[in-house]
There are 2 protein chains.
Amino acid sequence: MKKLINGVDEVLSESLRGFGIAHSDLVEVSLEPRFVTRRAKAPDEKVALVSGGGSGHEPLHAGFVGIGMLDAACPGEVFTSPTPDQMLAAASAADCGGGILWIVKNYAGDVMNFEMAGEMFEGQCAMILTNDDVAVESSLHSQGRRGVAATIAVEKIVGAAAERGDDLAACQSVGERVNSASGSMGIALTSCTVPAAGKPTFDIGADEIEIGVGIHGEPGRRREQLRTADELVGELVEAIVASTGAGQGSEVLAIVNGMGGTPLLELYLLFDAVSRECDSRGMTISRSLVGNFCTSLEMQGFSLTLTKLDDELRELWDAPVRTAALNWN
Amino acid sequence: MKKLINGVDEVLSESLRGFGIAHSDLVEVSLEPRFVTRRAKAPDEKVALVSGGGSGHEPLHAGFVGIGMLDAACPGEVFTSPTPDQMLAAASAADCGGGILWIVKNYAGDVMNFEMAGEMFEGQCAMILTNDDVAVESSLHSQGRRGVAATIAVEKIVGAAAERGDDLAACQSVGERVNSASGSMGIALTSCTVPAAGKPTFDIGADEIEIGVGIHGEPGRRREQLRTADELVGELVEAIVASTGAGQGSEVLAIVNGMGGTPLLELYLLFDAVSRECDSRGMTISRSLVGNFCTSLEMQGFSLTLTKLDDELRELWDAPVRTAALNWN
């Protein structure tokens, strides 16, 4: 295993500590238990957004903690759910009187632990479950569809709603609307290696790709030969459109997300292909995000997310955000 | 070769087109000849910063075009210098009466072509040559040290100087000061594959690393076995300190730069190691950048850049910037 680390057991703590030093203007990092909170005091009565999940998907979620997005994130070990005590500590630190909104990707371990934290938390709380991965109906670690990169759209848009003063029920409602308006699907060219495992999560041939791969390397729809970027993008858009009902006349946010090991040169090329494919279907990409945002360690590959936008969702997407990974005014 | 592309000959044009669509609020992209300019009109008499070089290092340079950094960038084919006609066209488009400042990484092809463009350009112009790579004194494609990730610091800091109204000589001077105050060195875990070549640039064993690698995969100081992050960082800091004279009492900007295929989880862990190493030497990291900024396609590895800061350089680093890859207020 070729990784830039010290001991396998220290990977997460050392990385989080580095993250906290690099972004000390934006976040505070607790190492015991592990959670990240925004440094800027939130307005009284603001709904606090708390997310989390296994590590290895950076910048998700800690990279989205700050003003206008998440109030706190709980990183678990690589590809492993965080524990309820992390979530409770994060919620207590982030709570400013408006209640806690948990944002959870649909994986069995995450769902169980966030539900447990919700039961133990003594204030008002609610949950949004993201399940945007249209590739498969159920998977290794999930009952129902997996939650993947649309979680970024949910966190950004609900973050803006909370910042403008929406209450807990309204925040939950807009988040569920974003999740329902979204579909994602990914393709892997290579596997990735979890540090504690020491070997690749799956084997894949020199010219094979996994269509519909999960962000932990879970199987997708099928294994096949590498095809052109245009053909791959065409298949992803077709699958997402079939699931979300986006089509002729739809306005969408498009996220071309690298899995961690894909050069930006290729991600922008893929975005060009997505742009042409959407054009040909009469869909308008009014907002976009291209880069590595919901990754699988060093996996090569990408995912596409399309979220149908309306005036309110577009305005919330455009609202100011100040985090390590997204920053605009 | 496993790449997310259509034809090998279309990689750059399709990627640039996608970049232009994704960032149409910030940049305009010309495909014939190839150059990228900032969309927001620059103030009259502002010095225009024009950079460029081979592609495959994204987001360098096009990702740094916008307000407060580059006025234009000229992308060559992957790992190949852009041509003088690209540079001239970019300079003509970016010129607003204050002269052109070429920012050039020290590679023979780039230097020759930018010098030729400078001779052909009919207005006032000057050049900054970056040569921050302390690994080797000369290399495959360079006479003297190579220019690598400190180019980002030069482009950011000179961009701020130009935006505040410094004239051409002053901009050149501050840029040379940043370059002199900087040292960088990189380590590769894997090679990368230029699309037109179709095979890895170099071979490297399953547990070998290249210490002092260049951003095109050029040889560094030596090939050896993978060691811990702390040990690798210790060697890089030692080499940079020996070259720049940074040490006890120095204030520095630290850039932990991924080569393209390294997970953010590891880059933050490396930054933690850099932070501890600088602490132990009595150096203060007052500013930092952690991520993939000066890449080598999908290469796994990283580089460290340290730039000695003073009050003026720190203020110019902090000045607002609005580009695809760096964005703060």
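Fair warning: this is a prediction, and the values are worked out from it, not measured in the lab. (Residues numbered from 1 in each chain as written. Chains lettered and ligands numbered in written order. Predicted model: local features only at pLDDT ≥ 70, side-chain atom pairs only at ≥ 80, totals over all residues. Heavy atoms only, no water.)

Draft legend 1. View of the confidence of the model for chain A. Averaged over every residue, the pLDDT of chain A is 97; the share at 70 or more is 100%. Among the scores for the predicted complex, ipTM is 0.98 and pTM is 0.98. (pLDDT = per-residue confidence, 0-100.)

Draft legend 2. Looking closely at the interface of chain A and chain B. If you look at the interface, chain A gives 55 residues, while chain B gives 56 residues. Summing the contributions of chain A and of chain B, the shared interface buries around 4600 Å²; its carbon and sulfur component is 61%. On the chain A side of the contact with chain B, Lys 2, Leu 4 and Leu 265 of chain A bury the most area, a combined 22% of that side's loss. Counting across the interface, chain A meets chain B through four salt bridges. Arg 17 of chain B serves as the salt-bridge partner of Asp 272 of chain A, at 2.7 Å between the closest nitrogen and oxygen. For the interface between chain A and chain B, the tally reads 21 residue pairs in polar contact (both at pLDDT 80 or more). Among the secondary structure elements, those contributing two or more residues to the side of chain A that touches chain B are helix H1 (11–22), helix H6 (229–244), helix H7 (264–280), strand E12 (284–291), strand E13 (301–308) and strand E15 (327–328) of chain A. (Contact = heavy atoms within 4.5 Å. Buried area = accessible area lost by both parts, 1.4 Å probe. Salt bridge = Lys/Arg side-chain N within 4 Å of Asp/Glu carboxyl O. Polar contact = N/O pair within 3.5 Å; in protein donor to acceptor, adjacent residues only side chain to side chain. Helix = DSSP H or I, 4+ residues; strand = E, 2+ residues; numbered from the N terminus.)

Draft legend 3. Inspection of the domain arrangement of chain A at higher detail. All names here are of chain A. According to the domain assignment, chain A consists of domain 1 (8–181 + 317–328) and domain 2 (182–310). On a C-alpha basis, the centroid separation for the pair domain 1 and domain 2 is 22 Å. At the interface, 38 residues of domain 1 touch 38 residues of domain 2. For the pair domain 1 and domain 2, the two sides together bury roughly 2900 Å², of which 64% comes from carbon and sulfur. At the junction of domain 1 and domain 2, the tally comes to two salt bridges. Run the count over domain 1 and domain 2 and you get 18 residue pairs in polar contact (both at pLDDT 80 or more). (Domains from an automatic or database assignment.)

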